[in-house]
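Here is what each chain is made of, one letter per residue.
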Amino acid sequence: EINLNNNEKKVIYINGDSFVEGVGYNYEDTLIGLLDKKLSHKYLILNSSVTSYSPSIYYKKTQHFINLGLKIDHCLIFLDISDIPDENFIEENEDGEIYDLRQEKTRKSIIKSNLYSFAKIYSNNFTSGKIISVLREIIGNYKSKLKKKFLASKKLNVSFFKITDEQINLYKSTHIDRSMWTFNKKYSDKWKNKGLAKASTYLGKLFELLNENHINSYLIIYPNPGQILLNDENVHEIYWKKWSSDNNVNLVNLYKYFNKISKEEIIKKYFIPGDVHWNKKGHYLVFKSLENEIFNNF
């Protein structure tokens, strides 16, 4: 619980998805935890970041808190690669409320919804249901592991029986569908144009809202492992550099902080093995980068 109109400290309000939420790590080891430790004597850090959030939700959630009366002095918006595909599934109704098409589709499928509810009750309350649930998870994980191993060996041109865990993890971290739109034509055709258009619209509304309320704001971009290893054109980076310039938005570009050593070494050093998210060192790198770009001037 917070005081909406805090007179003791200035407020830094933060938008982002799972990267900034800090999945997998204790708060004090995440980017936001590190910022909090550095600035808590003078600033109240409010992190509204949640897994799978994207610009439409950044805008609506920030608008909601401003309408409640929350006084914000600084706003940081972390724009992830996956935000662009995510915007393809967000729609707005006649009342201006946003919803996720995937959830709406599930709700409308009464039979599927009832079966899911029954399965959940069965697995939570009966021993046989728990056993089936655990077995399904074990089998599913094993199948997924074999599939990823096969795809990695094919992509890296290495024998299925000789490929290493490190090579498999490199493939897994760089070939996640929601980050492949920047270098894979299949996913680019599927998500790029609509996603960028919608992200641009909602970010435009968000920065307009922030400016109206005299809130100092920054758009922050950073690469995922796929962009580091495979995206030579830097589609995401180039697009938002131009967009920020055209819309007079303060852009903090963290791409340069992820290119100081070889590409594979960067991924190994700063990201969770086989995953797109920052590890502990990655959170610290982003913290020090932001310290250099923004906070040393606060």
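Quantities reported herein were computed from a predicted structural model and do not represent experimental measurements. (Residues numbered from 1 in each chain as written. Predicted model: local features only at pLDDT ≥ 70, side-chain atom pairs only at ≥ 80, totals over all residues. Heavy atoms only, no water.)

### Quick look at the packing of aromatic side chains
Thinking step 1. Enumeration according to the criterion identifies 13 aromatic pairs in this entry.
Thinking step 2. Taken together, a centroid distance of 6.1 Å and an interplanar angle of 65° make the contact between tyrosine 13 and phenylalanine 65 edge-to-face. Taken as a pair, tyrosine 13 in strand E1 (residues 10-15) and phenylalanine 65 in helix H3 (residues 55-68) lie far apart in primary sequence, 52 residues in all.
Thinking step 3. Of the residues examined, tyrosine 13 reaches a relative accessible area of 2% and is grouped as buried.
Thinking step 4. When the centroid spacing of 6.2 Å and the interplanar angle of 55° are considered together, the rings of phenylalanine 207 and tryptophan 243 count as tilted. Pair noted here: phenylalanine 207 is in helix H9 (residues 185-212) and tryptophan 243 is in helix H11 (residues 235-246), with a separation of 36 residues, a long-range link. Note on accessibility: phenylalanine 207 and tryptophan 243 belong to one class, buried.
Thinking step 5. Here the aromatic residues Phe207, Tyr239, Trp240 and Trp243 are joined through ring pairs into a cluster of three or more.
Thinking step 6. A cation over a ring is seen here: lysine 149 above phenylalanine 160, with NZ or CZ 4.7 Å from the ring centre. (Phe/Tyr/Trp six-rings, centres within 6.5 Å; stacked < 30°, edge-to-face > 60°. Helix = DSSP H or I, 4+ residues; strand = E, 2+ residues; numbered from the N terminus. Buried < 20%, exposed > 50% of the residue type's maximum accessible area, 1.4 Å probe, protein only. Lys NZ or Arg CZ within 6 Å of the ring centre and 35° of its normal.)

### Quick word on the pairing of strand E6 (residues 216-221)
Thinking step 1. The element E6 is largely enclosed, with a buried count of five among its six residues.
Thinking step 2. For strand E3 (residues 74-79) and E6, the ladder comprises six bridges, and the chain directions are parallel. Across the sheet, residue phenylalanine 78 finds its bridge partner in E6, namely isoleucine 220.
Thinking step 3. Relative to strand E7 (residues 251-253), E6 runs parallel, the two sharing three bridges. Along E7, the bridge assignment pairs isoleucine 220 with valine 252. (Pairing = 2+ DSSP bridges.)

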